[in-house]
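# Examining the three-dimensional arrangement
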Amino acid sequence: MQSSSNFRGIVFMCLAMIAFSCNDALVKSVTGAMNVGQIMFVRGLLTTLMVIVIARHFRAFRPLRTILKPVIILRIVMEALASITYISALGQIPLANASAIMQALPLAVTLGAAVFLGEPVGWRRWTAIFVGFIGVLIVLRPGPEGFTPAALTVVACVFCTATRDLCTRRIDHDIPSLYITVTTALVTTLVGAALIVPLGGWQAMSSTTMTHVAAASLLLMVGYQTIVLAMRGGDISVIAPFRYTSLLFAITIGIFFFSEKPDAWMLLGVAVIVGSGLYTFYRESRRGKNPVAQSAVTGPLE
């Protein structure tokens, strides 16, 4: 039975990573036609409507005062900042590079949990964190070509998303996750609307652009639903490492749809980041409790 549950969890995790990677690609495809604020607003509006329907179905709504707590407000702010930084970067760097840097998220969450939440982290995981961030530097390649503002923006997104995940761990379990998702999606949409004019104003959307944004919104919802199904069944230490399949999908999409060619340095950095993350997952499974890194399996609600 456990083997069957693990297999289903792995399948759902891979489906989630496909959905998130395709979502990123669709967002990247419209960055030349719309500014970041307009993308956040249009896609966020569609996402919010879908989440509201789901939340109503599961009766997840609560009084507004439920979410007016500092930790939830900080989580929403970090989610909005993560969306801004990630979408901004997607239009300027290869999809595979952005995805590779985001793979440092579990390491950043472990680091934050140790520093700010007092989670016990032994020297082995500290070493893995250090080596993992060296992998990020390899992907960034300090110098004229690699160390660009856009690449640093993805690094900022990693830390915003890690802060979001750490806040999530502090939220009372009696507050429905769907309700938090609804409010987060709504606030992110409003932030996008506020950014439209400062970032250049509203741009007319072609039918192709609108189709891409709508598809991205749908895929984002599919990704979040399948990842919930993945994490609810089976052994998390077995399932969580399959988050790294998103790199394979991102690299493949980048090659065939954006004519991107990953070089040896990027692939080396990916190997270092993934190896460090997998070792961190392994050490957490050996500890048998508080799987901090393993809970960080998604990026921002872009």
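Basis of the calculations
Residues numbered from 1 in each chain as written. Predicted model: local features only at pLDDT ≥ 70, side-chain atom pairs only at ≥ 80, totals over all residues. Heavy atoms only, no water. Axes fitted to C-alpha atoms, helices over the stretch in contact; angles between N-to-C directions. Helix = DSSP H or I, 4+ residues; strand = E, 2+ residues; numbered from the N terminus. Parallel < 35°, antiparallel > 145°, perpendicular 65-115°, else oblique. Left-handed = near helix turned anticlockwise from the far one by under 90°. Contact = heavy atoms within 4.5 Å. Nonpolar A, V, L, I, M, F, W, Y, C, P; charged D, E, K, R; others polar.

Under an unreviewed UniProt entry, the name given to the protein chain is Drug/metabolite transporter (DMT)-like permease, and the organism recorded is Ensifer adhaerens.

We now examine the packing of helix 4 (residues 95-102) against helix 11 (residues 245-257). Their axes nearest at 8 Å, the elements helix 4 and helix 11 cross at an angle of 165°. It follows that helix 4 is roughly antiparallel to helix 11 by the angle criterion. Crossing hand, helix 4 versus helix 11: left-handed. Contacts between helix 4 and helix 11 involve Leu95, Ala96, Ser99 and Ala100 from the first element and Ser246, Leu247, Ala250, Ile251, Ile253 and Gly254 from the second. Its residues assigned to classes, the contact of helix 4 with helix 11 shows seven nonpolar, three polar and no charged.

Counting through the fold element by element, Asn6 comes out in helix 1 (residues 2-30). Leave out the neighbours within four places in its chain, and Asn6 touches Gly234, Asp235, Val238 and Ile239.

A few words on unusual backbone geometry. Located in the positive-phi region is Arg59, a residue other than glycine, with phi close to 50°. Of note in this structure, Ser259 is not a glycine but carries a positive phi near 55°. Its location among the elements puts Ser259 in the loop between helix 11 and helix 12 (264-287).

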